[in-house]
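# A closer look at the structure
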Amino acid sequence: MSESRMSPDNPSRPVSVSDVDSWHETVDVLIVGYGAAGACAAIEAAEAGADTLVLERASGGGGTTALAGGVVYLGGGTRVQKACGFDDSPVEMLRYLEASTPNPDPEKFRLYAEGSVMHFDWLVSQGVPFKDSLHEERVIQPANDDCLFWSGNEKSWPYREIAVPAPRGHKVQGEGDAGSVLFARLDEAAKRAGVRVRCDSRVLKLVLDEGGAVVGLIAHQDGEDRAFRARGGVLLCAGGFAMNEAMLQRHLSRLVGRVTPIGNPYDDGAGLRLGMSARGAGIHLNEYHITVPFYPPESLTFGILVNGQGQRFIAEDAYHGRIGEAASQQLMGTVYLIVDEPIFGRPIIEGFEIAAVEQSVDGLERALSLPEGSLQKTVDLFNHYAEMGEDPVLHKQPAWLRPLKEAPFAAFDCSFGKAPYMAFSLGGLWTKPTGEVLTEDGEAIEGLFAAGRSCCGVSRSAEGYVSGTSIGDATFFGRLAGRTAAARRTKVDR
Ligand SMILES: Cc1cc2nc3c(=O)[nH]c(=O)nc-3n(C[C@H](O)[C@H](O)[C@H](O)COP(=O)(O)OP(=O)(O)OC[C@H]3O[C@@H](n4cnc5c(N)ncnc54)[C@H](O)[C@@H]3O)c2cc1C
């Protein structure tokens, strides 16, 4: 095979099976990438009796999953929800998920909501620990080993009127970030199930037969390019593309230079590009999760967010991702968080500069060069209704309403491009809930599956993203894809 065809940075060109001289190994199910999606797919495939091999580019598994907070979005009445006194149902969970995103995938959303309790139980059965505790404070995620917390917009308007609110963020038990705990437990479970994992194995190309079916792949391993054959299928679980600058420029250019892309260094879109090489369609490639984590401390939620016109634009009790998206859309990206003395506190995440401190709102308005009278009017209106426990403009919950009237007044600069904004990609391959990768025409590609951020899942829009849906969806649909690929091996030539 020529050098250019094997270029690792060009996984978008497949190899024909007729160009493969010999197979290094033949297995039932080949999994590309060993994060949450890959591990769960592997466990299910192996438990279904498939000879399962995972190829992982890094020297160890975990990917972005192991760097993550370890929050899994689950509901419908999990053990932890019940223990903490919450009465949730799959119907309410589905209502919330569907309302929160402009582009839901009805079948994936339904399966996810209906199967959520069973998925929680499955994770527990694999050894993943969740403590029966509620974290009441408003946080990005619990810093201690608490489990349940409000990880989305469930209590914010208009969602609280559409679906009965329930906390569904389930953080894996562990102090601080617990993605590593989650991955360690899944890794142990995979090994118990008989999954073989080969690290330092970068998948470069897919191998297609004459009819376009995926029959294997080429990976760089032990200093050489090797061909692996899959009887049941190849599963792309190689993460998203937050670390691929060219892809960010092409699909998410509004973020470039203004946000910090987050993920593991190998989030370079290989999964998506490999899938596209076999005619897989990429969908919602311009969607992302963006966050501007100005809280905790939760007292800052009592403040108001205003744009460069001195106007509020979102209820401050919304999820930090929804706020991040709305803030990033303001004219010139200008956004300030206005607080008064009793609620003042430094954001735990560093990088939020204090733009001004003044003894009056009027003085703050001048210091920020906002249009004359604009901030004063906004604060007066907000205070007028806050005294009555109301927010008829943006419907912030009464629990977070309190007039801003005690000097000094301060403004934190939350502007897009200045404050700490972080993002990762949500778009990916178009898949059925079973993980089968679809072409632009909606045809399933024989032998090709995807899960996790290599495909577009439950988490699929900046405004609707909720903490825990990425790992939630990667683990849930990874399992389904693993089972489907394992079942397929019995139908093809062994
Ligand atoms: C700081 C941070 C915190 C987060 N916290 C949460 C959270 O609490 N809850 C939540 O739901 N989401 C969270 N997310 C998002 C979430 O972690 C990821 O979207 C999710 O873990 C992706 O899982 P995955 O299995 O698709 O990919 P990954 O876990 O990234 O696994 C992909 C694997 O594929 C490998 N790979 C890549 N290319 C190749 C190749 N060519 N050949 C072989 N292997 C390859 C990679 O090395 C990697 O190990 C967070 C993200 C970040 C960055």
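Just so we're clear, the structure is a prediction, and the values are computed from it rather than from any experiment. (Residues numbered from 1 in each chain as written. Predicted model: local features only at pLDDT ≥ 70, side-chain atom pairs only at ≥ 80, totals over all residues. Heavy atoms only, no water.)

## A short note on the packing of helix H1 (residues 36-47) against helix H7 (residues 179-193)
How two helices pack is summed up by the angle between their axes together with the distance between the axes. For the record, the criterion: A fitted line through C-alpha atoms represents every axis, and for helices the fit uses only the stretch in contact; the resulting angles, taken between N-to-C directions, go from 0 to 180 degrees. Under the scheme used here, helices are H or I runs from DSSP no shorter than 4 residues and strands are E runs no shorter than 2 residues, and both carry numbers assigned from the N terminus. The cut-offs work like this: below 35 degrees is roughly parallel, past 145 is roughly antiparallel, 65 to 115 is roughly perpendicular, and the gaps in between are oblique. Take the far helix as the reference: if the near one is turned anticlockwise from it by less than a right angle, the crossing is left-handed, and if turned clockwise, right-handed. In this description, contact between two residues means that some pair of their heavy atoms is separated by no more than 4.5 Å.
Direction vectors running N to C along H1 and H7 enclose 25°, while the axes themselves pass 9 Å from each other. Between H1 and H7, the interaxial angle falls into the category roughly parallel. Helix-helix and strand crossings are classified by hand; for H1 and H7 the assignment is left-handed. Contacts between H1 and H7 involve Ala36, Ala39, Cys40, Ile43, Ala46 and Glu47 from the former and Phe183, Leu186, Ala189, Ala190 and Ala193 from the latter.

## A short note on the site of the ligand
The test is simple: When we say a residue is near a molecule or strand, we mean one of its heavy atoms is within 4 Å of it. Counted as a polar contact is a pair of N or O atoms within 3.5 Å, where, for protein atoms, one must be capable of donating a hydrogen and the other of accepting one, and residues adjacent in sequence contribute only when both atoms are in side chains. Areas reported as accessible are Shrake-Rupley estimates using a 1.4 Å probe. Residue values count occlusion only from the protein chains shown. All residues other than Ala, Val, Leu, Ile, Met, Phe, Trp, Tyr, Cys, Pro, Asp, Glu, Lys and Arg, Gly among them, are scored as polar; the first ten of these are nonpolar and the last four charged.
In the vicinity of the ligand lie 36 residues, with Glu56, Thr65, Val71, Ser470 and Ile471 positioned nearest. Here Gly70 contributes a backbone N or O atom positioned 3.1 Å from an oxygen atom of the ligand. At 2.9 Å, a backbone N or O of Arg453 approaches an oxygen atom of the ligand. Alone, the ligand offers 1,000 Å² of accessible surface; in the complex the protein occludes 92% of this. Mapped by element, the contributors of at least two residues to the shell around the ligand are H1, strand S8 (202-208) and helix H13 (469-488). Looking at the shell around the ligand element by element, the count peaks at 3 residues for H13. Tallied by class, the residues present in the shell around the ligand amount to 16 nonpolar, 16 polar and 4 charged.

## Notes on the nonpolar core
So the rule is basically this: Residues belong to a common nonpolar core when they are buried Ala, Val, Leu, Ile, Met, Phe, Trp, Tyr or Cys residues joined through side-chain atoms within 4.5 Å. Classification of residues uses two cut-offs on accessible area relative to the type maximum, computed with a 1.4 Å probe and protein chains only: under 20% is buried, over 50% is exposed, and between them is partly exposed. How far each domain reaches was decided by an automatic or database domain assignment.
Leu206, Leu217 and Val234 are the most contacted members of the largest nonpolar core, which totals 77 residues. When residues are assigned to domains, this core turns out to be shared by domain 1 (4-67 + 179-287 + 426-488) and domain 3 (293-413), each giving three or more. Tyr34, Ala36, Ala42 and Ala190 belong to the second-largest nonpolar core, a separate cluster that totals 43 residues.

## Regarding unusual backbone geometry
Note the cis peptide between Trp157 and Pro158, where omega equals 5°. Looking at the element boundaries, Pro158 is found in the loop between strand S5 (148-149) and helix H6 (159-162). Residue Pro296 is reached from Tyr295 by a cis peptide bond, and omega for that bond is -5°. Counting through the fold element by element, Pro296 comes out in the loop between strand S13 (288-291) and strand S14 (304-307). The residue Asp222 is not glycine, and still its phi comes out positive at about 50°. Mapped onto the secondary structure, Asp222 falls in the loop between strand S9 (214-221) and strand S10 (224-236).

## So, helix H10 (residues 320-328)
Among the 9 residues of H10, 9 are classified as buried, and the element is accordingly described as predominantly covered. Along H10, the positions that sit buried rather than exposed are His320, Gly321, Arg322, Ile323, Gly324, Glu325, Ala326, Ala327 and Ser328. Looking at the packing, one finds that the buried side of H10 touches H6, S13, S14 and strand S15 (335-339).

## Focus on the sheet that holds strand S18 (residues 422-425)
The test is simple: Pairing between two strands requires that DSSP report at least two bridges joining them.
Taken in spatial order, the 3 strands of this open sheet run S11-S18-S13, and their pairing is mixed. Looking at strand neighbours, the two that pair on one side only are strand S11 (260-261) and S13, the edges of this open sheet.

## Notes on the packing of helix H4 (residues 106-114) against H13
Between H4 and H13, the least distance of the axes is 11 Å, while the angle of their chain directions is 90°. Regarding the angle of H4 to H13, the classification is roughly perpendicular. Counting all contacts with H4, which are made through Lys108, Leu111 and Tyr112, the residues of H13 involved are Thr469, Gly472, Asp473, Phe476 and Phe477. Taken together, the residues of the contact of H4 with H13 sort by class into 4 nonpolar, 2 polar and 2 charged.

## Here's the deal with the environment of Cys237
Position of Cys237 relative to the elements: it lies in the loop between S10 and helix H8 (245-251). For Cys237, a relative accessible area of 7% corresponds to the buried category. On a C-alpha basis, the gap between Cys237 and Ala36 in space is 8.4 Å, while along the polypeptide they are 201 residues apart. With residues near it in sequence (within four places) discarded, Cys237 still touches Ile31, Val32, Gly33, Ala37, Gly38, Ala451 and Ser454.

## Here we look at the packing of aromatic side chains
Within a pair of aromatic rings, the relevant descriptors are the distance that separates the centres and the angle that separates the planes. Note the threshold: The aromatic pairing rule takes the rings of Phe, Tyr and Trp, using the six-membered ring of Trp, and pairs them if the centres are within 6.5 Å, calling planes under 30 degrees apart stacked, those over 60 edge-to-face and the rest tilted.
One pass over the full model with this rule turns up 12 aromatic pairs. With a centroid separation of 5.0 Å and 85° between ring planes, the pair formed by Tyr34 and Phe183 is classed as edge-to-face. Of this pair, Tyr34 sits in the loop between strand S2 (25-32) and H1 while Phe183 sits in helix H7, and the two are 149 residues apart along the sequence. Exposure class is identical for Tyr34 and Phe183. Each is buried. Taking the centre distance of 5.3 Å and the plane angle of 85° together, the rings of Phe294 and Tyr295 count as edge-to-face. Assessed through its relative accessible area of 1%, Phe294 is described here as buried. Tyr295 sits in the buried class, given a relative accessible area of 3%.

## Focus: the domain arrangement of the protein chain
Note the cut-off: Summed over both partners, buried area is the accessible surface (1.4 Å probe) that two parts give up on being assembled. Salt-bridge detection follows one rule: a side-chain nitrogen of Lys or Arg within 4 Å of a carboxyl oxygen of Asp or Glu.
By the assigned domains, the protein chain splits into domain 1 (4-67 + 179-287 + 426-488), domain 2 (71-171) and domain 3 (293-413). Averaged C-alpha coordinates put domain 2 and domain 3 at centres separated by 29 Å. The partner domain 3 presents 16 residues to the 12 residues of domain 2 that form the contact. Considering only the surface of domain 2 that becomes buried against domain 3, Arg138, Ile140 and Trp157 emerge as the three largest contributors, covering 53% of it. One can count 0 salt bridges joining domain 2 with domain 3. On inspection of domain 2 and its partner domain 3, the count reaches 9 residue pairs in polar contact (both at pLDDT 80 or more).

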